[in-house]
Amino acid sequence: MLFHKFVSQEERRALGGSDFIELQYCRLPHSSKLRNIISVDAISHWKLDPLYVSGDDMDVFFSNYHTIFDHGIYNNGKSGVIDVFGLNYYPPESTALIVERVKENHPLDYEPLLQWLNDAKHYNGFYVLGV
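Note that the structure is predicted; figures quoted are calculated from it, not measured.

Cut-offs used in this document
Residues numbered from 1 in each chain as written. Predicted model: local features only at pLDDT ≥ 70, side-chain atom pairs only at ≥ 80, totals over all residues. Heavy atoms only, no water. Helix = DSSP H or I, 4+ residues; strand = E, 2+ residues; numbered from the N terminus. Rg over C-alpha atoms; globule rule 2.2 N^0.38 Å. Buried < 20%, exposed > 50% of the residue type's maximum accessible area, 1.4 Å probe, protein only. Contact = heavy atoms within 4.5 Å. Lys, Arg positive; Asp, Glu negative; His and termini not counted. Charge placed at Lys NZ, Arg CZ, Asp CG, Glu CD. Arc of directions from axis to C-beta. Polar contact = N/O pair within 3.5 Å; in protein donor to acceptor, adjacent residues only side chain to side chain. Pairing = 2+ DSSP bridges. Axes fitted to C-alpha atoms, helices over the stretch in contact; angles between N-to-C directions.

1. Some words on the overall build of the chain
The secondary structure content of the chain amounts to 5 helices and 7 strands. For the chain, the succession of helices and strands along the chain, N to C, is β-α-β-α-β-α-β-β-β-α-α-β. Taking 14 Å as the expected radius of gyration for a compact globule of 131 residues, we find that the chain reaches 14 Å, a close match to that expectation. Considered along the principal axes of its C-alpha atoms, the chain spans approximately 35 × 35 × 25 Å. A buried classification covers 46% of the 131 residues belonging to the chain. For the chain, restricting intrachain contacts to residue pairs at least 6 apart in sequence, the fraction spanning at least 24 positions comes to 72%. Here the chain carries 11 positive and 17 negative side-chain charges, and the mean point of each set is 10 Å from the other.

The structure is reproduced here in structure tokens:
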């Protein structure tokens, strides 16, 4: 299984501590400025509703999802291919496009991701936070 959800921090620590890529909802208001959204100060790690990808699976994740999660906005305001070591922000309008790409390509273990992305519609986009 590529994507993990945890019911407790203890469960997460037992699986891999902090060695994870984290897919996290952006909880900032829709009126937030982009520079605030892509600031590392906007990130609050280790909540229980993100999806996690083990650092051991980073290469598998990248090979299956680098074309799905392209054009994320980096911490420096630029965008490009997913940075598995940094901050990638996807605004709300990107969510539908990403859902379509997942449905078309059926990458590895895509079902939990589709469910999670469905809930992302209730937030101001989402982040993929690198290891």
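2. Considerations on helix 3 (residues 58–65)
Where helix 3 is concerned, the buried positions are Met-58, Phe-61 and Tyr-65. Along the long axis of helix 3, the arc covered by the buried residues comes to 65 degrees, so they all point the same way. On the buried face of helix 3, the contacting elements are strand 1 (3–4), strand 2 (20–25), strand 3 (51–54) and helix 5 (110–120).

3. Concerning the side chain of Asn-124
On the secondary structure map, Asn-124 appears in the loop between helix 5 and strand 7 (126–129). Residue class for Asn-124 comes out buried when judged on its relative accessible area of 4%. In terms of polar contacts, Asn-124 uses its side chain to reach the backbone carbonyl oxygen of Leu-28, at 3.5 Å. Leave out the neighbours within four places in its chain, and Asn-124 touches Cys-26, Leu-28, Pro-29, His-30, Ile-37, Tyr-89 and Pro-92.

4. Brief notes about the sheet that holds strand 7
Strand order across the open sheet formed by 7 strands is 1-3-2-7-6-4-5, with antiparallel pairing between neighbours. One side of each edge strand has no neighbouring strand; the edge strands of this open sheet are strand 1 and strand 5 (79–80). Pairing of strand 4 (residues 72–74) with strand 6 (residues 87–90), which is carried by 2 bridges, proceeds in the antiparallel orientation. Bridging from a neighbouring strand, Ile-73 pairs with Tyr-89 of strand 6. Contacting strand 6 and strand 7, helix 4 (residues 92–105) runs over the sheet at an angle of about 90 degrees to strand 6.

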